[in-house]
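Understanding the architecture of this molecule
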Amino acid sequence: MELIQKTADLSAYLAADEAIDHHHPVVRETAGRLAADAVDSYAYARAAYEFVRDAVPHSQDSGDPRVTWRASDVLERRTGICYAKAHALAALLRAEDIPTALCYQRLAHDGGAGHAVHGLVAVRFGGAWHRQDPRGNKPGVDARFSLDGERLAWIPDPQSNEMDYPVLYAEPHPAVLGALQAAPDRPALWNTLPTAL
């Protein structure tokens, strides 16, 4: 699949916004701590990915009812669903001048009874975009940081009307951000996740 930048200007994928608030002290402190042990930008990107994947539990997996959407809140509260974790990873990568996009998949949801949009990121290295999924591993999910072939949490099944969206967004998709901001808690959010983009 060819990934398509929604915005031609690469600097948009380094920008801060309301959700990807990489100038926030919590984001800067976390980025600084991770960068201190990294020998180069590749090592930093892997460390940031593994930190968000492993140190920030997916709130559905952990049973945490809190909804986070701003990167600094995700890192401070250590909870979030896939979208929120993608915002946190994008902020950490952009904090170290690594272009990062938000991207999405449409996957079966609630045991196949419907569909929901799933959030992940794409990071730019060597003149190409590489998708990464920081949602967090669990039985049956083994996502890994990779610049040599994708190691995502899920591969969409077209026969189940699942799909990869090829568009790379510089900012969260409005449907995603709206659902996160409107939800009083995660159980309510689970019932209002976008079903398509």
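This section reports on the structure supplied with the text. (Residues numbered from 1 in each chain as written. Predicted model: local features only at pLDDT ≥ 70, side-chain atom pairs only at ≥ 80, totals over all residues. Heavy atoms only, no water.)

1. What about the pairing of strand β2 (residues 100-109)?
- With respect to burial, β2 is a largely interior element, nine of its ten residues being buried.
- Note that β2 and strand β3 (residues 114-125) share ten bridges and pair antiparallel. Considered in β3, the bridge of H109 is made with G114.
- Across two bridges, the pairing between β2 and strand β5 (residues 163-164) is antiparallel. Counterpart to R106 in the pairing with β5 is M163. (Buried < 20%, exposed > 50% of the residue type's maximum accessible area, 1.4 Å probe, protein only. Helix = DSSP H or I, 4+ residues; strand = E, 2+ residues; numbered from the N terminus. Pairing = 2+ DSSP bridges.)

2. What to know about the packing of helix α2 (residues 41-55) against helix α5 (residues 82-95)
- Where α2 meets α5, the axes come as close as 10 Å, and the angle between the chain directions of the two elements is 155°. In this view, α2 runs roughly antiparallel relative to α5, as classed from their interaxial angle. Here α2 and α5 pass one another in a crossing that is right-handed. Residues Y44, A45, A48, Y49, F51, V52 and R53 of α2 pack against K85, A88, L89, L92 and L93 of α5. (Axes fitted to C-alpha atoms, helices over the stretch in contact; angles between N-to-C directions. Parallel < 35°, antiparallel > 145°, perpendicular 65-115°, else oblique. Left-handed = near helix turned anticlockwise from the far one by under 90°. Contact = heavy atoms within 4.5 Å.)

3. Digging into the packing of aromatic side chains
- One pass over the structure, following the stated rule, counts five aromatic pairs.
- Between Y13 and W129, the aromatic rings sit 5.2 Å apart at their centres with planes inclined by 65°, giving edge-to-face as the arrangement. Highlighted residues: Y13 in the loop between β1 (4-5) and α1 (25-36) and W129 in strand β4 (residues 128-132), separated in sequence by 116 residues.
- By relative accessible area, which is 13% here, W129 ends up buried.
- Arranged with centres 5.7 Å apart and planes meeting at 65°, the rings of Y104 and Y169 form a pair that is edge-to-face. With Y104 in strand β2 and Y169 in the loop between β6 (167-168) and α6 (174-182), this residue pair connects regions lying 65 residues apart in the sequence.
- Residue Y169 is classed as buried on the basis of its relative accessible area, which comes to 13%. (Phe/Tyr/Trp six-rings, centres within 6.5 Å; stacked < 30°, edge-to-face > 60°.)

Remember, this is a structural readout, not a statement about activity or role.
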